[in-house]
Amino acid sequence: MRFAIRLLTILIFLAGFGILVYFSIENNRLASEVDRLEAELGKMVIKDVNRVHIVEIAAPDVPPEVASHIEGVWQFRCYLPPKYNYMQMSGGGRVTLDSLYQSGGFSSSWGSPPSTSVQSLLTMSFQKKDKRLIAFYSFSGSRGTTSWNNFNPDRLATMVVQKLVNSKKGPRSFDQETILPLLKIYDPTTAKNQEIEGKSITTYEGGQFVLCPKSLETCLQQLREGKTPQDFNPNWVATAVVDE
Amino acid sequence: MSEPPLNRSQAARFSVLNLLVFTALIAVGLAIGLAYRLNHSLNDQLSQLVALSGRLPLTKEDELGSVKMPAVADNFDSWHVNVPIGQDYDLRLGIGAISESGIPPIVGSVRIPGGQHRITLYTGDSTKDEFRYAVYLDGTLVIEKTMGSDWMPNGWSSSHGLDWPRSSKSSSSPLQLSAQSYASKPNLDREHYFNGQSDEYVTRPGYRLWIDKPDHTYEAASPFMGFPDEPQHQGIGLRDGLRYRMASLPYRWIFTRPKLETREPVLAVEAEFITSDGTVLSSQTPTFQAWKIRNAPTGNAFLLWQEDASQTTQTAFLHAVSNSADGLQPVVELKWDVAQPDAVGIRLADTPANEQIVRWRLRILDGSSHLWRELQIGDRPWITPTDALNADKLLDKSSVKTSEKTPNKTIELESVDASASDIQLRWQPNEKLPLQIVEQKDKRYAGLRLYQGLPTRLGVQIPTVLKPKLSVDVTDKHPTNTGTAFPGGPVFDAIQIELEAVERDWIWLSAELKE
């Protein structure tokens, strides 16, 4: 009897050890695979599941046959919390450096908020079509284009790009109730002083792509028109990352 | 009384060794638990990252599979695909007439070797790009086809994705990468906004890109709809022609023609059946329950059409179902013929249930929502509702009888030409534009819920042997605003055809695009 108990104990111990070795090898393989993909897609640790997390992908995977048809591409890995109700807005015309003002055409779209958290890639790119610059976006199953008017596509290489999140600075997280100007592109040589809503501001040819909580849709609309919403708190708008 | 001495060899004893063994077992158990949780978490992370990256899962190397890559540019779509090693597959692009049930003509095909590949499809689907389609395999252009701007001269208003045909019979399923069908824009001025509402079963311009066995061939999609694997709510009949659909009003027969860019009924018909003893089945018969679509003139067998490429006609039977066993329960036969793509045939079925019927009457309804204001008998001149009311100006006075009904006037039209084998009656709206545009532009029509499809001409062809009596209902009253005239003048609200039931000849109802 004692021998049987000892034998059983040894067998359990050996089986447990075997399982542990299997998991250890398998987890190492998975971890290296995760590391490899995170090196491509950006590493992001979700500490607070109720905040929006965004990391820029340093080198988006663009097939060469497609790359030859686009002028620039930016890609972000986004974590969207459960029930995050947002809209996206893209438009081009004239923009300012430090506000959401934008003249010219724009398009906006939204969907129903997801019941669980989702991770999605947000891609923005430009294509030249008939001497116009077409801004393309693809995000969370939807895609679309807008024509960025007054935007000289031949000067795209000299444009200044402001990003909310930068691959060099790593991931950032934001409160759900924050307007996220993900990307702003402008031509610094086209500065013009304009009187907008009683204020003198400097505008540039350019455009922007913004994610906005639905609750702040009216606020975004007013800011886009150069107005200051009632009881406006500057913290409602996230600021772009600054390169050192 | 003394207790028996304890057998030390059998009783559990505390020892350091036992404690160590027990502790080691717990430690291994805990380590396994932690490793399992970590494994679960890593698997979740990995599957999320793989889904984001558009990479192929590494575990399915022996299966034909694909993962769509994140879209990075307009008009470009890319996929990572895995083709099993040692098996032959072709990458095929088909462009042309397409429907949910059909495969378009193959315009390009290339052998795709086993292993992992990247496929990119470029869709230059605009008149400016002349509808140019290009397929790249691992970065190399392998298929290119330009359809030309004439393919859809006015462009397209909407497009939607298509699944692989459900009825496709093949031992191994092809792998479809992309399929779209386009709703061509009608030839309208730019200032007119037309919102067409067709369905995915209608044949339209489009494309499919798929990977398939080289020996797989496909027959053209059946021109008929109503096979067991198709949804019955889309109607039965001709894919691009008239389809019978169950109506919300149980007595009414409705026919749709989604090819005319609407799913709304294009024809709504109510029939009356009269027996020799005066019994009538009509929409007012309280014992009537429903029209059931059946496979045969007798029995209760459900419609069971067999898909056969050589078949050029299909028939179905409408059985009237009554609460009362003694009630009149006629059976009407419907027929679709590919030679008559705009029409549906109707006749009393040759069955004992119809033997008592001596006359029957078809009322074609809803003229006020179609703005029927032009009507033609045979090759006589077209007449308007006002002409019909004052028919003595156009026809012999003796040929027109007017009876007053509220709110409509019923006008009998003497129309039989005994020398002809058929009588043809045609009617249409007086508008050239789709009525949804007329409704947008002319506020007088607001709230009338006009027909939403393209301008439609309707017609009926009746054998003279059935001795038809034709009459029309004309209304000049607004259907909802009492005391107000019908906007734009009177319309033919209903067309009525009374027939003898002695012969079983076909009556052909038609709906076609108004020229």
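The rules behind each value
Residues numbered from 1 in each chain as written. Chains lettered and ligands numbered in written order. Predicted model: local features only at pLDDT ≥ 70, side-chain atom pairs only at ≥ 80, totals over all residues. Helix = DSSP H or I, 4+ residues; strand = E, 2+ residues; numbered from the N terminus. Buried ≥ 20, exposed ≤ 12 C-beta atoms within 10 Å, placed from the backbone. Pairing = 2+ DSSP bridges. Axes fitted to C-alpha atoms, helices over the stretch in contact; angles between N-to-C directions. Domains from an automatic or database assignment. Expected span 1.5 Å × (residues − 1). Contact = placed C-beta atoms within 7 Å.

J.: Mind showing me how you'd approach unusual backbone geometry here?
T.: The phi dihedral of Lys83(A) is positive, around 60°, even though this residue is not glycine. As for its position among the elements, Lys83(A) is in the loop between β2 (72–80) and β3 (86–95). Residue Lys83(A) is classed as partly exposed on the basis of its C-beta count, with 13 C-beta atoms lying within 10 Å. For Lys467(B), which is not glycine, the phi dihedral falls at a positive 45°. Within the fold, Lys467(B) resides in the loop between β26 (456–463) and β27 (469–475).

J.: Help me out: how do you make sense of the sheet that holds strand β7 (residues 132–139) of chain A in this one?
T.: Adjacent strands of a sheet form backbone hydrogen bonds with each other and so pair up, either parallel or antiparallel. All names here are of chain A. Taken in spatial order, the six strands line up as β8-β7-β6-β2-β1-β10 in an open sheet, and their pairing is antiparallel. The sheet is open, and its two borders are formed by β8 (142–148) and β10 (172–174), each paired with just one other strand. Averaged over neighbouring strand pairs, the angle between their axes works out to 20° when direction is ignored. In this structure, strand β6 (residues 118–129) lies alongside β7, joined through eight bridges in antiparallel fashion. Of the residues in β7, the one forming a bridge with lysine 128 is leucine 133.

J.: In this structure, what is going on with the domain arrangement of chain A? I would like to understand it.
T.: How big an interface is tends to be stated in terms of accessible area lost as the parts join. Domain annotation for chain A reports domain 1 (1–41) and domain 2 (52–236). Between the C-alpha centres of domain 1 of chain A and domain 2 of chain A the distance comes to 47 Å.

J.: Explain helix α1 (residues 2–41) of chain A here, please?
T.: It helps to recall that an α-helix has 3.6 residues per turn; residues three or four apart then point in one direction. Taking 1.5 Å as the rise per residue, α1(A) with 40 residues should run 58 Å; its terminal C-alpha atoms sit 57 Å apart, in good agreement. For α1(A), the full list of buried residues reads Phe23(A), Val34(A) and Leu41(A). Packed against the buried residues of α1(A) are β1 (52–57) and β2 of chain A together with α1 (16–53) of chain B.

J.: How do you make sense of the pairing of strand β7 (residues 140–146) of chain B when you look at a structure like this?
T.: Look at any regular strand and the pattern is simple: side chains alternate between the two faces of the sheet. Where strand β6 (residues 132–137) of chain B and β7(B) come together, six bridges link them in antiparallel fashion. The residue of β7(B) that forms the bridge with Val135(B) is Ile143(B).

J.: Is there a simple way to think about the sheet that holds strand β3 (residues 89–98) of chain B in this case?
T.: All names here are of chain B. Pairing is antiparallel across the open sheet formed by five strands, whose spatial order is β4-β3-β10-β9-β8. One side of each edge strand has no neighbouring strand; the edge strands of this open sheet are β4 (106–112) and β8 (156–161). Neighbour to neighbour, the strand axes of the sheet diverge by 15° on average, direction disregarded. Across nine bridges, the pairing between β3 and strand β10 (residues 204–212) is antiparallel. Paired with isoleucine 95 across the two strands is tyrosine 207, which belongs to β10.

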